[in-house]
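Below are the chains, spelled out letter by letter.
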Amino acid sequence: MTMGLKIHRMLREDEKTPEELEEEARRRKEMSDSILEIIYNKIISGRKGHSKAEILKREDEDDEEGWDD
């Protein structure tokens, strides 16, 4: 579900003001970004022993390959 639909549903259900909804959406985004950063750091720390250049090269290769769905 997209964020717009979530906000619309929250408006109907909770009768919150648009400002309250914006703040809640901002908090959720910050939390999501924090979680992604933690996951990224765990992945990178799992590659200890590799030089930073090797890690960046792998990331570039991964970006070029794209995601398989």
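These numbers were taken from a predicted model, which means no experiment stands behind them.

J.: Please set out the overall build of the protein chain residue by residue, giving values where relevant.
T.: When you go through the protein chain residue by residue, the secondary structure sums to 3 helices and 0 strands. When the helices and strands of the protein chain are listed from N to C terminus, the series reads α-α-α. Residue burial in the protein chain is summarised as follows: out of 69 residues, 10% are buried. Accessible surface for the protein chain amounts to roughly 6300 Å². Of this, 53% is attributable to carbon and sulfur atoms.

J.: Describe the pattern of salt bridges, listing the residues and the values that go with them.
T.: All told, the structure shown has 3 salt bridges when counted by the stated rule. The partner of Arg26 in a salt bridge is Glu23, with the nearest N and O atoms 2.6 Å apart. Here Glu23 and Arg26 lie together in helix α2 (residues 18-45), a separation of 3 residues that amounts to about one turn. With a closest N to O distance of 2.9 Å, Lys29 and Asp33 form a salt bridge. Highlighted residues: Lys29 and Asp33, both in helix α2, separated by 4 residues, approximately one helical turn.

J.: Which residues make up a nonpolar patch on the surface, and what are the values?
T.: A contiguous nonpolar surface patch, about 500 Å² in accessible area, is contributed by Met31, Ile35, Leu36, Ile39 and Ile43. You can see Leu36 is positioned in helix α2. Taking relative accessible area as the criterion, Leu36 reaches 52% and is therefore assigned exposed.

J.: An account of the confidence of the model for the protein chain is needed here, citing residue identities and associated values.
T.: With 67% of its residues at a pLDDT of 70 or more, the protein chain has an overall mean of 76. Predicted confidence in the protein chain is weakest over helix α1 (residues 3-14), with a mean pLDDT of 68, and strongest over α2, with 89.

Rules behind the numbers
- Residues numbered from 1 in each chain as written.
- Predicted model: local features only at pLDDT ≥ 70, side-chain atom pairs only at ≥ 80, totals over all residues.
- Heavy atoms only, no water.
- Helix = DSSP H or I, 4+ residues; strand = E, 2+ residues; numbered from the N terminus.
- Buried < 20%, exposed > 50% of the residue type's maximum accessible area, 1.4 Å probe, protein only.
- Areas by Shrake-Rupley, 256 points an atom, 1.4 Å probe, with all protein chains shown as cover.
- Salt bridge = Lys/Arg side-chain N within 4 Å of Asp/Glu carboxyl O.
- Patch = residues over 30% accessible without salt bridge, like charges linked within 9 Å, V, L, I, M, F, W, Y side chains within 5 Å.
- pLDDT = per-residue confidence, 0-100.

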